[in-house]
Number of protein chains: 2
Amino acid sequence: MAVNLQAADAAQILAIDGTQVYVGQAGVKKAGRDDLTLVVLNAANSVGAVFTQNRFCAAPVQIAKQHLAADAGIRALVINTGNANAGTGQQGRDDALAVCRAVAEQVGCAPEQVLPFSTGVILEPLPVAKITAALPTVKPVHWSDAAAAIMTTDTVPKAASRTLYIDGHKVHFTGIAKGAGMIHPNMATMLGFVATDAAIAQPVLQQMVAEVAEVSFNAISVDGDTSTNDSFVVVATGKSDLPKISAVADTNYAAVKAVLADLALELAQAIVRDGEGATKFITVAVKNARSSEEARAVGYAIARSPLVKTAFYASDPNLGRILCAIGYAGIADLDVDALQVYLGDVLVAEHGGRAASYTEAAGQAVMAEAEITVTVDLHRGEAAAHIYTCDFSKEYVAINADYRS
Amino acid sequence: MAVNLQAADAAQILAIDGTQVYVGQAGVKKAGRDDLTLVVLNAANSVGAVFTQNRFCAAPVQIAKQHLAADAGIRALVINTGNANAGTGQQGRDDALAVCRAVAEQVGCAPEQVLPFSTGVILEPLPVAKITAALPTVKPVHWSDAAAAIMTTDTVPKAASRTLYIDGHKVHFTGIAKGAGMIHPNMATMLGFVATDAAIAQPVLQQMVAEVAEVSFNAISVDGDTSTNDSFVVVATGKSDLPKISAVADTNYAAVKAVLADLALELAQAIVRDGEGATKFITVAVKNARSSEEARAVGYAIARSPLVKTAFYASDPNLGRILCAIGYAGIADLDVDALQVYLGDVLVAEHGGRAASYTEAAGQAVMAEAEITVTVDLHRGEAAAHIYTCDFSKEYVAINADYRS
């Protein structure tokens, strides 16, 4: 079902100096399937991360935030699939810590130098014993194998790499991600991990990750539900000979951020392309807004509307639903007569209604495509935003209604 | 498909002194079907109304607001189905005014004493000539006939009446409503009209209508899409011998408001029961919130979640989805360990996870019902809210994806 999405060629996924990836089988998800991933990091790295804003954030998210705040340096990431350790209260935090302790003992660091991540069913206790028993059995693999090991209901593993050439230096980036809905049927989570061999001071990296998340993992919607476990983590190992980026004002900040953003966007879009029941990939481009918040609000109103999304599923150029969603996006002083809406390159609405030049045949031709861009020109400022979503199909309901039965 | 909803017995729908209802066939919706409703009002009435907040509000909504603001007294309501006159720009406003002029000529009043309402396809020009040609042919009927004449994709006409006995006086109320999604597949609108013979000063009635809307028509969600045409209008003809209510502080204000709210809630709930593809009627009760805004935010987060709604469709007691929706309702300082969630009378979640006493069998028994109440006790204040919604079925997608094909 995935829209124009194929597994990356493993040969194209770069190793990142300073990281070693391992996977194993803990039997949490199902017997005979890799469900445990361990990433061991060199000592001199820096880590930036953003997490779900959901108040019901999962136990591993709480522990990961604490360990980052402890500022002891991060030496390992541990990720299990099959169980999200969410909605599990104090026991869940104890369980996540127990996994960190086992990892710390194995790799020779302190427990607070380990970041735990979990994805899978929620409200079920984490099977800690299975995980700690499997840890000594994990085997060194490539990042592309880890992309497969962190999947839940994903149909395609998601991995990508980039190389940046700059002033005779090379910087490498590899990322993996999972998540086929913003939250799954009892399967929680979008997870994204990127490693680069760039050297970036921690506060600068944190700033970069926050900026990148805004235009990648925070610019997608499958069903509008914000998960309990969403995490996006970037590790910079500093093994590249590119001089260390010590400030946002450094000349190389923008170049490294641009490549990281491009990579993160590919991974985020892959999650949408693999969205539950998705048959179309839709970009909502909002321009000439007063602020980026305003542009994002309009983009998300369109991207979240079940009526808009079912119309895309039906390849129906249903302009009324798009206009209606713009109308309730919360811009109190919006002049609806001043804005323009395009489907692909076709002007479909202006002056508060259907454009005089619009023909149903032209709209229909755009809607028949598997990849569609809706552009909203608000004509009231200079800010812009891009939001990425998929259509809403009978299969989405089937997947989400039938999951536990 | 409607959930526990049947057409009212016409004999139970009361005439309201001071109102005369007519319906006719303009051929806007389809030949041979009543699609034009005219309500002629006595001179000494007062009118309160609330309208959609959507910035793409339809032409008749814009004209109705202008005519109410003109304060010349309202003598007629005219409602067509089959065409919403929305997304039609200046031509749409001219068309709505042309209908008002024709009604005014027929009933002997000024055009600004007429309120126009339209529901049906959007982005299509209103067929004014068909409507004005049919106006002289409308026939006097009962309110229950008007309930049928304003239907779009509704499967059941929605009408209800109440009688209030107070200090030896009688006050009568009759209401009709339409709308099977908050907005339809190209068919826009929730419309609600109530007439009462109570005498209520206009500013007091306006206040009462706003308060009543908050707990009835503004407390429902079918698909989260706010329509371009939504209107709720209450006419008080003053024909009852109950003394006129001239201030909110009047002793009879609360009693009249309570009956009006009860009637409006029945009509609003009827819209949800007749929701597109609905198989379950769901009440989300939020209590002990800090404010009613907070309670409504939590209620709507649950009521709008596609994941929660598909779980209800599947009769799946999927607590994780409910907890997750509470978590992203936007309460920054929410203590998730302090709240409790009930399905029916069954405590399902507390201390940040599943309740120790919960059994899947108990949850399953509640979910098998056609009417389900989810109660969220936030334990942080004294405010409450009730939000009403339906489940999200494969039929919803089918109705909304296939409508124009």
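Residues numbered from 1 in each chain as written. Chains lettered and ligands numbered in written order. Predicted model: local features only at pLDDT ≥ 70, side-chain atom pairs only at ≥ 80, totals over all residues. Heavy atoms only, no water.

**What to know about the interface of chain B and chain A**
How big an interface is tends to be stated in terms of the accessible area lost upon association of its parts. Rules: In this analysis, two residues are considered to be in contact whenever any of their non-hydrogen atoms come within 4.5 Å of each other. We define buried area as the total accessible area lost by two parts upon association, computed with a 1.4 Å probe and summed across both. Just to be clear on terms, a salt bridge is a Lys or Arg side-chain nitrogen sitting within 4 Å of an Asp or Glu carboxyl oxygen. Under the scheme used here, helices are H or I runs from DSSP no shorter than 4 residues and strands are E runs no shorter than 2 residues, and both carry numbers assigned from the N terminus. When residues are sorted by character, Ala, Val, Leu, Ile, Met, Phe, Trp, Tyr, Cys and Pro go into the nonpolar class, Asp, Glu, Lys and Arg into the charged class, and all the rest, Gly among them, into the polar class.
Listed per partner, the contact involves 59 residues of chain B and 59 residues of chain A. Interface of chain B and chain A: buried area, both sides summed, is about 4800 Å²; carbon and sulfur atoms make up 57% of it. Between the two partners, chain B and chain A, sit 4 salt bridges. One salt bridge connects Glu124 of chain B with Arg354 of chain A, and the closest N-O pair in it is separated by 3.7 Å. When contributions to the side of chain B that touches chain A are tallied by element, the ones reaching two or more residues are helix 2 (89-107), helix 8 (306-313), helix 9 (319-327), strand 16 (353-354) and helix 11 (394-402) of chain B. Here the residues of the side of chain B that touches chain A sort into 25 nonpolar, 20 polar and 14 charged.

**Remarks on the side chain of Asp274 of chain B**
All names here are of chain B. For the record, the criterion: Counted as a polar contact is a pair of N or O atoms within 3.5 Å, where, for protein atoms, one must be capable of donating a hydrogen and the other of accepting one, and residues adjacent in sequence contribute only when both atoms are in side chains.
Mapped onto the elements of the fold, Asp274 is located in the loop between helix 6 (253-273) and strand 13 (281-289). Polar side-chain contacts of Asp274 include one of 2.5 Å to the side chain of Thr155. At a separation of 2.7 Å, a polar atom in the side chain of Asp274 contacts the side chain of Lys158.

**Remarks on the domain arrangement of chain A**
Residues and elements named next belong to chain A. The criterion, for reference: Here the bounds of each domain stem from an automatic or database domain assignment.
Partitioning chain A into structural domains gives domain 1 (10-273) and domain 2 (281-402). Taken residue by residue, the interface counts 14 residues in domain 1 and 15 residues in domain 2. When domain 1 packs against domain 2, close to 1300 Å² is buried across both sides, 50% of that on carbon and sulfur atoms. Of all residues in domain 1, Ala219, Ser221 and Arg273 give up the largest surface area on contact with domain 2, accounting jointly for 33% of the area buried on that side.

**Some words on the relation of the copies chain B and chain A**
Operational definition: The copies were overlaid by least squares, fitting only the C-alpha atoms of residues that reach a pLDDT of 70 or more in each copy.
When chain B is fitted to chain A, the best match, at an RMSD of 0.0 Å, comes from turning it 180° and sliding it 0.1 Å along the axis. Such a turn and shift between the copies fits a two-fold axis. Considering only C-alpha atoms, the part of chain B nearest the rotation axis is Lys394 of chain B, at 2.7 Å.

**A look at helix 7 (residues 292-304) of chain B**
What counts, and what does not: To estimate the expected span of a helix, subtract one from its residue number and multiply by 1.5 Å. Only protein chains enter the area calculation, which uses a 1.4 Å probe; residues under 20% of their type maximum are buried, those over 50% are exposed, and those in between are partly exposed.
With 13 residues, helix 7 of chain B should cover 18 Å at 1.5 Å per step; its first-to-last C-alpha distance of 18 Å lies within 8% of that length. Within the sequence span of helix 7 of chain B, burial applies to Glu294, Ala295, Arg296, Val298, Gly299, Ala301, Ile302 and Ala303 of chain B.

**A few points about the sheet that holds strand 7 (residues 158-166) of chain B**
Residue and element names in this part refer to chain B. Stated precisely, the cut-off is as follows: Two strands qualify as a pair provided DSSP detects at least 2 bridges between them. Interaxial angle, 0 to 180 degrees, is taken between N-to-C directions of lines fitted to C-alpha atoms, where a helix line uses only the stretch in contact.
Read from one edge to the other, the open sheet built from 5 strands follows the order 3-12-10-8-7, with strand pairing classed as mixed. Of all the strands in the sheet, the pair left with one neighbour each is strand 3 (46-51) and strand 7. With strand direction ignored, the average angle separating the axes of adjacent strands in the sheet is 10°. Of the strand pairs in this sheet, strand 3 and strand 12 (residues 231-236) are connected by 6 bridges, and their pairing is antiparallel. Within strand 12, the position partnered with Val47 by the bridge is Val235. Packing against the sheet, helix 5 (residues 202-214) makes contact with strand 3 and strand 12, and its axis sits at approximately 35° to strand 3. Contacts from helix 6 reach strand 7, strand 8 (169-178), strand 10 (191-196) and strand 12, with the element oriented near 165° to strand 7.

**Considering the sheet that holds strand 18 (residues 383-390) of chain A**
All names here are of chain A. In space, the 7 strands of this open sheet follow the order 11-18-13-17-14-15-16, with mixed pairing throughout. Looking at which strands have only one partner, the edges of the open sheet turn out to be strand 11 (220-221) and strand 16 (353-354). In terms of strand pairing, strand 14 (residues 340-343) meets strand 15 (residues 346-350) through 3 bridges, oriented antiparallel. Opposite Val341, over in strand 15, you have Ala349 as the bridge partner. Running at roughly 20° to strand 18, helix 7 (residues 292-304) makes contact with strand 11, strand 13 (281-289), strand 17 (371-377) and strand 18 of the sheet.

**Quick word on the packing of helix 8 of chain B against helix 9 of chain B**
All names here are of chain B. Filter applied, for reference: Here is the rule for angles: anything less than 35 degrees is roughly parallel, anything more than 145 is roughly antiparallel, 65 through 115 is roughly perpendicular, and the remaining ranges are oblique. Here a crossing is called left-handed whenever its near helix is offset anticlockwise from the far helix by less than a right angle, and right-handed whenever the offset is clockwise.
One can describe the packing of helix 8 onto helix 9 by two numbers: an axis separation of 9 Å at closest approach and a directional angle of 155°. Overall, the two elements helix 8 and helix 9 adopt an arrangement that is roughly antiparallel. Between helix 8 and helix 9 the crossing geometry is left-handed. For the pair helix 8 and helix 9, the contacting residues are Leu307, Val308, Thr310 and Ala311 in the first and Arg321, Ile322 and Ala325 in the second. Classifying every residue of the contact of helix 8 with helix 9 by side-chain character gives 5 nonpolar, 1 polar and 1 charged.

**Some details on the layout of surface pockets**
Going by this rule: Only protein atoms enter the 1 Å grid used here. Points where a 1.4 Å probe fits but cannot escape make up a cavity, open sets with protein on both sides within 12 Å along at least five of seven lines make up a pocket, and a residue lines them when an atom lies within 4 Å of a point. Grid points are joined across faces, edges and corners, and a volume is the space filled by probe spheres set on the points.
When its volume is computed, the second largest pocket comes out at roughly 310 Å³. If you trace the second largest pocket, you find 20 residues lining it, with Arg55, Phe56, Cys57 and Gln62 of chain A together with Val336 of chain B closest to the centre. Considering each element in turn, the lining of the second largest pocket owes the most residues, 3 residues, to helix 1 (residues 59-70) of chain A. Looking at the lining of the second largest pocket, its residues break down into 6 nonpolar, 9 polar and 5 charged.

**Examining the packing of aromatic side chains**
Applicable threshold: Under the pairing criterion, centres of Phe, Tyr and Trp rings, with the six-membered ring standing for Trp, must be within 6.5 Å; the plane angle then separates stacked pairs below 30 degrees from edge-to-face pairs above 60, leaving the rest tilted.
Going through the model one piece at a time under the given rule, you end up with 7 aromatic pairs over all chains. Judged by centre distance (4.9 Å) and plane angle (80°), the rings of Phe117 of chain A and Phe193 of chain A are edge-to-face. Of this pair, Phe117 of chain A sits in strand 5 (residues 114-121) while Phe193 of chain A is found in strand 10 (residues 191-196), placing the two residues 76 residues apart along the sequence. Comparing Phe117 of chain A with Phe193 of chain A shows no difference in burial state: the two are buried. On the basis of an interplanar angle of 45° and a centroid distance of 4.7 Å, the ring pair of Phe217 of chain B and Phe232 of chain B is categorised as tilted. Here the residue Phe217 of chain B occupies a position in the loop between helix 5 and strand 11 (220-221), and Phe232 of chain B occupies one in strand 12, the gap between them amounting to 15 residues. Grouping residues by exposure puts Phe217 of chain B and Phe232 of chain B together as buried.

**Here we look at the pairing of strand 13 of chain B**
Residue and element names in this part refer to chain B. In terms of burial, strand 13 is a largely internal element, 7 of the 9 residues being buried. In the sheet, strand 13 pairs with strand 17 (residues 371-377) via 7 bridges, with the strands oriented parallel. Counted as the bridge partner of Ile282 is Ile372 from strand 17. Where strand 13 and strand 18 (residues 383-390) come together, 7 bridges link them in antiparallel fashion. Looking at the pairing, Thr283 lines up with Tyr388 of strand 18.

**Some points on the confidence of the model for chain A**
Here is the rule: Confidence of the prediction at every residue is given by pLDDT, a number between 0 and 100.
Summary statistics for chain A give a mean pLDDT of 91 and a share of 95% for residues scoring 70 or more. The model gives residues 182-188 of chain A a pLDDT under 50, and that stretch makes 48 contacts with residues more than four places away or in other chains.

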